[in-house]
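Working through the structure, step by step
Here are the chains, one letter per residue:
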Amino acid sequence: MTDIVAGRFDAGLRLGELLEKDMVAVRLTGEMEMMAVASPEYLAQHGTPETPGDLHHHACLNWRWPTDGSLYRWEFEEDGREFEISVNGPLIANDIEVVLQAALQGIGIAYTSHERIDGWLKDGRLVRVLERYSPKFPGVYLYHPSRRQQPPALRAFIDCLLDRHV
């Protein structure tokens, strides 16, 4: 969560829900969805959680925020109410790719965005669990402080990004 003005950056990338109100935002992705996933082998051996609370009886694969070292709390939603769960398991990594590889190997349940695992879901190597609790959230935005002071290189960069995502 870098302050791009104090850091003298032209722009930054951030999830829409984390944007500051005084920034100009350019949407780069559509809405995203977080989900819990596991390999079919893990689910066959350990069963499928029915509610987020059931995760306390499963091997959950967690990751640490690189910014402050805290553990990520899994986010869920039920009947419009958002809530978080702290999970435990055999692995904590600071790289989500390590966590996903462990899930593919049947070590436990992982939690990630749909975009990272779409291919593995389609080919059946990973299976969604707790789907009805999966929250959706605004996607990724490029943001910058002001249109009046926009450097030409930033305008060209934004135009390039928009051309690729249309």
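Each chain carries its own residue numbering, running from 1 in the written order of its sequence. Per-residue local features are limited, in this predicted model, to residues with pLDDT of at least 70; the limit for side-chain atom pairs, both in listing and counting, is 80 or more; totals at the level of whole chains, interfaces and linings are taken over all residues. Hydrogens and water are ignored here; the side-chain numbers use all heavy atoms of the structure.

Here we come to the overall build of the chain. On a plain count of helices and strands, the chain comes out with 4 helices and 11 strands. Expressed as a percentage of its 166 residues, the buried residues of the chain come to 40%. Should any heavy atoms of two residues lie within 4.5 Å, those residues are counted as being in contact. Within the chain, contacts between residues separated by at least 24 positions form 71% of all contacts whose residues are at least 6 apart in sequence. By element, 50% of the accessible surface of the chain is carried by carbon and sulfur atoms, the whole surface being about 9900 Å². Secondary structure elements follow DSSP: runs of H or I no shorter than four residues count as helices, runs of E no shorter than two count as strands, and numbering proceeds from the N terminus. Exposed residues in this analysis have more than 50% of their type's maximum accessible area, buried residues have under 20%, and partly exposed residues fall in between, with area computed by a 1.4 Å probe over protein chains only. Each accessible area is a Shrake-Rupley estimate made with a 1.4 Å probe; only the visible protein chains count as cover when residues are assessed.

Pairing of aromatic side chains requires ring centres within 6.5 Å, counting the rings of Phe and Tyr and the six-membered ring of Trp. Pairs whose planes differ by under 30 degrees are stacked, by over 60 edge-to-face, and all others tilted. Going through the model one piece at a time under the given rule, you end up with 7 aromatic pairs. With a centroid separation of 5.1 Å and an interplanar angle of 15°, the aromatic rings of Trp74 and Tyr111 are classed as stacked. Of this pair, Trp74 sits in strand β5 (residues 74-78) while Tyr111 sits in strand β8 (residues 110-113); the two residues are 37 residues apart in sequence, bridging distant segments of the chain. Judged by its relative accessible area of 1%, Tyr111 is buried. In textbook terms, an aromatic cluster arises when at least three aromatic residues are bridged by ring pairs, as seen for Trp63, Trp65, Tyr72, Trp74, Phe76, Phe83 and Tyr111.

Turning next to the side chain of His58. Structurally, His58 can be placed in the loop between α1 (40-46) and β4 (61-63). Using a relative accessible area of 13% as the deciding quantity, one classes His58 as buried. Aside from chain neighbours lying at most four places away, what touches His58 is Tyr42, His46, Gly47, Thr48, Pro49, Asn88 and Ile109.

Structural elements are reduced to axes, namely lines fitted to C-alpha atoms, with helices fitted over the stretch in contact, and the angle between N-to-C directions of any two is expressed from 0 to 180 degrees. At their nearest, the axes of helix α2 (residues 96-104) and helix α3 (residues 114-122) sit 12 Å apart, and the two run at 20° to each other. It follows from the interaxial angle that α2 and α3 lie roughly parallel. As α2 runs across α3, the sense of the crossing is right-handed. Of the residues in α3, those in contact with Ile96, Glu97, Leu100, Gln101 and Leu104 of α2 are Arg116, Ile117 and Trp120. Amino acids outside the nonpolar list (Ala, Val, Leu, Ile, Met, Phe, Trp, Tyr, Cys, Pro) and the charged list (Asp, Glu, Lys, Arg) are all regarded as polar, and Gly is one of them. In terms of residue class, the contact of α2 with α3 is built from 5 nonpolar, 1 polar and 2 charged. The scheme is simple: roughly parallel for angles under 35 degrees, roughly antiparallel for over 145, roughly perpendicular for 65 to 115, oblique for anything else. In a left-handed crossing the near helix is turned counterclockwise from the far helix by less than a right angle, and in a right-handed crossing that turn is clockwise.

So, about the nonpolar core. Here the nonpolar core consists of buried residues drawn from Ala, Val, Leu, Ile, Met, Phe, Trp, Tyr and Cys, with membership extended through side-chain atoms lying within 4.5 Å. One finds Leu55, Trp74, Phe76, Ile109, Ile117 and Leu126 to be the most contacted residues of the largest nonpolar core, which totals 37 residues. Broken down by secondary-structure element, the contributors of at least two residues to this core are β3 (32-38), α1, β4, β5, β6 (81-85), α2, β8 and α3. The contacts of Trp74, once residues within four sequence positions are left out, are Ala36, Leu55, Cys60, Leu61, Asn62, Phe83, Glu84, Ile85, Val87, Ile109, Ala110 and Tyr111. Among the nonpolar cores identified, the runner-up in size contains 6 residues, and Val26, Leu142, Leu154 and Leu161 belong to it.

Any two side chains of opposite charge can pair, so long as their charged atoms come close to each other. What counts as a salt bridge is simple: a side-chain nitrogen of Lys or Arg found within 4 Å of a carboxyl oxygen of Asp or Glu. Considering all chains together, one arrives at 6 salt bridges under this definition. One salt bridge connects Arg73 with Glu84, and the closest N-O pair in it is separated by 2.9 Å. Here the residue Arg73 occupies a position in the loop between β4 and β5, and Glu84 occupies one in strand β6, the gap between them amounting to 11 residues. Residue class for Arg73 comes out partly exposed when judged on its relative accessible area of 37%.

What follows covers α3. Along α3, the residues that are buried comprise Ile117, Trp120 and Leu121. One side of α3 holds all its buried residues, which, seen down the axis, span an arc of 100°. Considering only its buried residues, α3 is in contact with β3, α2, β8 and β9 (127-129). At the C-terminal side of α3, Gly124 shows a positive phi close to 85°. Working definition: the arc comes from the directions between the helix axis and the C-beta atoms, pointing outward to the latter.

Attention now goes to unusual backbone geometry. Of note in the backbone geometry, Asp79 takes a positive phi value of approximately 50° without being a glycine. By relative accessible area, Asp79 is classed as exposed at 78%. We note that Leu130 has phi near 60°; this positive angle belongs to a residue other than glycine. Its place among the elements puts Leu130 in the loop between β9 and β10 (136-137).

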